[in-house]
Amino acid sequence: MSWAGKILRVDLTAGTVKSEPLNMTWAREYLGSRGLATKYLVEETDPKVDALSAANKMIWATGPLTGTMASTGGRYTVVTKGPLTGAIACSNSGGYWGAELRMAGWDMVIVEGASAKPVYLLIQDDVAELRDASTLWGKTVWETEATLKKTHQDPLLRVSCIGGAGEQRVLFAAIMNDLHRAAGRSGVGAVMGSKNLKAVAVRGTEGVGNLADAKEFMRVTAEKKKILADNGVTGQGLPTYGTQVLMNVINEMGALPTRNHKDVAFEGAKDISAEAMATPRATDGKKQLVTNQACFGCTIACGRISKIDKGHFTVETKPQYWGASGGLEYEAAWALGAANGVNDLEALQYANLICNEHGMDPISFGATIGAVMELCEMGVLTKEQLGIDAEWGSARALAHFAEITAKGEGFGREIAQGSKRLCEKYGHPELSMSVKGQEFPAYDSRGIQGMGLTYATSNRGACHLRSYTVASEVLGIPVKTDPLTAEGKPELVIAFQDATAAFDSAGICIFTSFAWGLADVAPQVAAACGPEFTLENLAKIGERIWNMERDYNNRAGFTSKDDNLPPRLLNEPAKTGPAKGLVSKLPEMLPKYYAARGWDTEGRLKPETRARLGL
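This section reports on the structure supplied with the text. (Residues numbered from 1 in each chain as written. Predicted model: local features only at pLDDT ≥ 70, side-chain atom pairs only at ≥ 80, totals over all residues. Heavy atoms only, no water.)

### Observations concerning the overall build of the chain
Here is step 1 of the chain: For the chain, the count of helices and strands is 25 helices and 17 strands.
Here is step 2 of the chain: Radius of gyration (C-alpha) of the chain: 22 Å, near the 25 Å computed for a compact globule of 615 residues.
Here is step 3 of the chain: Here the chain holds 615 residues, and 65% of them are scored as buried.
Here is step 4 of the chain: For the chain, the proportion of contacts with a sequence separation of at least 24, taken over those separated by at least 6, is 69%.
Here is step 5 of the chain: If you sum the accessible surface of the chain, you get close to 20,100 Å²; carbon and sulfur atoms cover 53% of it. (Helix = DSSP H or I, 4+ residues; strand = E, 2+ residues; numbered from the N terminus. Rg over C-alpha atoms; globule rule 2.2 N^0.38 Å. Buried < 20%, exposed > 50% of the residue type's maximum accessible area, 1.4 Å probe, protein only. Contact = heavy atoms within 4.5 Å. Areas by Shrake-Rupley, 256 points an atom, 1.4 Å probe, with all protein chains shown as cover.)

Next comes the structure, spelled out in structure tokens:
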């Protein structure tokens, strides 16, 4: 087996840490990472728990392929009940932290209770202890990581931590590692802040072994890496342009949500695209993009490292932002840019740096600013309230809002509540582009119909990473489907949802699915964990995980009424592009989705579905 076989349980209220054996029955039923951690959360907490109370738990979890030779085996997840949504939260991150935890000999860390004072958890192989973090509280993500490495005289220490956003319980606060990798969505950082837990620092020197068939594992992982290398997306597009390769593609097909989803194409898309990042600036003759970067064990290397223009108004007096740091990904560039009508690439990079430095989800932040700008356009919000003119396209407003939200100042405290609560407060709930309280990512569901069903049914609120039908509807992977029709989309979404749950739970990156199917993952898991992990079993595990998450949400109080989209997408047709005249066809797709899932008309698991999946 590839699991380490033990978990670390941390009781912050009592100030204790202890080792426990991993429940191997659950491991074989839910695999690891997302699936296994959710199983522990479901068994140990009340779904109706207040997400920011001591009774909520949070779990850092790796998968059986994390830390191994499998390509992209550096992923970990943070599972908890999310404060932004009140639903299950499972946020995935890359970098090196996950592999380090496995190399220290642990599958997961379960944190319960809340500390009376700021603390951090230090893990050095099989020794773990809570340390005082009073001098770290108030520090940024970047300062926290540097301080911990210096304190412990170990530059290879890996740190998963929160910045000021998590401390202030911004409802879309992220947990950051390796400076700019993020467990970004649903407000997991706010839960960490509510527990007075500043960081989890790990150093592992034991390595990852214990493979069921080491020789076969080396053979099959080498074979699958070649598939990634030979694929046009994972071998060429993502390494060269990163996820930002999509900006112009999605814009040209009329599915780039613009100005809070009022429009489906952005006239300034080319200015904030991957191509723009790689083009020398007129101001200093330098490119914003410096290089690409890979997470642990990754043969794709889609990450971006960028340098901002030192003369840009956002940083001309702030040299701390002049160095090379995490660059724009597609979702962040869209949320900070097109969603608000901003085409100033350097302003987008500045807001992105602020999100990384203070630990905020740029998707929810940027999308919330879109709602603010629309409320401002309507005259509902004023310059006096906001502290700045916030018309569409204002780069200065974007930078201002990033700063005050990160610092918890002025109107930033209201932005920190997310678009759902903000729009409800000001009398226009219909302007929140969200599902279950979580803001949409960068695909308009009038132009890519499968994504509308994906958003509506996502267990953690609106999310593209739970069922990336863009692969099929836009890129033709694994088969091409028509993005403008509803036909076949329920089955397509289900297939993507279940497969993604299995990919996540194995501990690998979902981007491998541009080249791999479950048939490629299964032999790697089998070589690591045992021959029982066939293609059929892995598919069933994915389905089991999805239904477990759904059942948790149902017991938390969510109903079929929460599987919906904002009125704008259901009633206001796209104005331009291939989808001109179309609205989301969710009402046509959702009943078919429920039936195909084996749920009743209210979106609840039928007894036979529960029995078939062993739930």
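### Topic: the sheet that holds strand 8 (residues 127-132)
Here is step 1 of the chain: With mixed pairing, the 6 strands of this open sheet are ordered in space as 8-7-12-9-10-11. Every other strand in the sheet has two partners, leaving strand 8 and strand 11 (181-183) as the edge strands with one partner each. Between one strand axis and the next, the sheet turns by 20° as a mean value, whatever way the strands run.
Here is step 2 of the chain: By the bridge criterion, 3 bridges tie strand 10 (residues 175-177) to strand 11 in an arrangement that is antiparallel. Counterpart to Asn 177 in the pairing with strand 11 is Arg 181. (Pairing = 2+ DSSP bridges. Axes fitted to C-alpha atoms, helices over the stretch in contact; angles between N-to-C directions.)

### Side note on the sheet that holds strand 5 (residues 88-93)
Here is step 1 of the chain: Here 6 strands make up an open sheet; going across it, the order is 2-1-6-3-4-5 and the pairing mixed. Both outer strands of the open sheet, strand 2 (16-21) and strand 5, are each paired with one neighbouring strand and no more. Neighbour-to-neighbour, the strand axes of the sheet open up by a mean angle of 20°, direction not taken into account.
Here is step 2 of the chain: Sheet strands touched by helix 2 (residues 33-44): strand 1 (6-11), strand 2, strand 3 (58-62), strand 4 (76-81), strand 5 and strand 6 (108-112). Its angle to strand 4, the strand with the most contacts, is close to 25°.

### Focus on the pattern of salt bridges
Working definition: two side chains of opposite charge can pair if their charged atoms are close together.
Here is step 1 of the chain: Tallied over the entire structure, the rule returns 46 salt bridges.
Here is step 2 of the chain: The residue Lys 420 makes a salt bridge to Glu 424 at a minimum N-O spacing of 3.0 Å. Of this pair, Lys 420 and Glu 424 both sit in helix 17 (residues 418-425), 4 residues apart, roughly one helical turn.
Here is step 3 of the chain: What makes Lys 420 partly exposed here is its relative accessible area of 33%.
Here is step 4 of the chain: Judged by its relative accessible area of 41%, Glu 424 falls in the partly exposed class.
Here is step 5 of the chain: Note that Arg 555 and Asp 551 form a salt bridge whose closest N and O atoms lie 3.4 Å from each other. Placement of the pair is Arg 555 and Asp 551 together in helix 22 (residues 535-556), with a separation of 4 residues, close to one helical turn.
Here is step 6 of the chain: We classify Asp 551 as buried; its relative accessible area is 14%.
Here is step 7 of the chain: Ionic contacts of the salt-bridge type, sharing partners, join the residues Arg 9, Glu 20, Glu 44, Lys 57 and Glu 112 into one network. (Salt bridge = Lys/Arg side-chain N within 4 Å of Asp/Glu carboxyl O.)

### Side note on the environment of Ala 294
Here is step 1 of the chain: With respect to the secondary-structure elements, Ala 294 resides in the loop between strand 13 (289-293) and strand 14 (303-306).
Here is step 2 of the chain: Distance in space between the C-alpha atoms of Ala 294 and Cys 161 is 20 Å, their sequence separation being 133 residues.
Here is step 3 of the chain: In this structure, Ala 294 is in contact with Tyr 96 and Ala 301, ignoring residues within four places of it in sequence.

### Points about the environment of Glu 43
Here is step 1 of the chain: The topology assignment puts Glu 43 in helix 2.
Here is step 2 of the chain: Given a relative accessible area of 45%, Glu 43 falls into the partly exposed group.
Here is step 3 of the chain: There is a polar contact of 2.7 Å between the side chain of Glu 43 and the side chain of Lys 39. (Polar contact = N/O pair within 3.5 Å; in protein donor to acceptor, adjacent residues only side chain to side chain.)

### Re unusual backbone geometry
Here is step 1 of the chain: Cis geometry is adopted by the peptide bond preceding Pro 478, which originates at Ile 477 and carries an omega value of -5°.
Here is step 2 of the chain: Residue position: Pro 478 is located in the loop between helix 19 (470-473) and helix 20 (489-506).
Here is step 3 of the chain: Of note in the backbone geometry, Thr 72 takes a positive phi value of approximately 65° without being a glycine.
Here is step 4 of the chain: You can see Thr 72 is positioned in the loop between strand 3 and strand 4.
Here is step 5 of the chain: Even without being glycine, Asn 196 reaches a positive phi, approximately 60°.
Here is step 6 of the chain: In this fold, Asn 196 is placed in the loop between helix 6 (188-194) and strand 12 (197-203).

### What to know about the packing of helix 13 (residues 362-377) against helix 15 (residues 395-407)
Here is step 1 of the chain: Following both chains from N to C, one finds helix 13 and helix 15 inclined at 120°, their axes separated by 11 Å at the closest point. As far as their axial angle goes, helix 15 and helix 13 are oblique. Relative to helix 15, the crossing made by helix 13 is right-handed. In this structure, helix 13 uses Phe 365, Ile 369, Val 372 and Met 373 to contact helix 15, whose residues at the interface are Ala 397, Leu 398, Phe 401, Ala 402 and Thr 405.
Here is step 2 of the chain: When grouped by side-chain class, the residues that make up the contact of helix 13 with helix 15 number 8 nonpolar, 1 polar and no charged. (Parallel < 35°, antiparallel > 145°, perpendicular 65-115°, else oblique. Left-handed = near helix turned anticlockwise from the far one by under 90°. Nonpolar A, V, L, I, M, F, W, Y, C, P; charged D, E, K, R; others polar.)

### A word on helix 15
For the α-helix, the turn length of 3.6 residues means that residues three or four positions removed from each other point alike.
Here is step 1 of the chain: A rise of 1.5 Å per residue sets the reference length of helix 15, with its 13 residues, at 18 Å; its end C-alpha atoms lie 19 Å apart and thus fit the reference within 8%.
Here is step 2 of the chain: For helix 15, every residue scored as buried is listed here: Ala 395, Ala 397, Leu 398, Ala 399, Phe 401, Ala 402, Ile 404, Thr 405 and Ala 406.
Here is step 3 of the chain: Buried residues along helix 15 sit against helix 5 (164-167), helix 11 (330-336), helix 12 (345-358), helix 13, helix 14 (383-386) and helix 16 (412-415).
Here is step 4 of the chain: At the exit of helix 15 stands Gly 408, carrying a positive phi of roughly 70°. (Expected span 1.5 Å × (residues − 1).)

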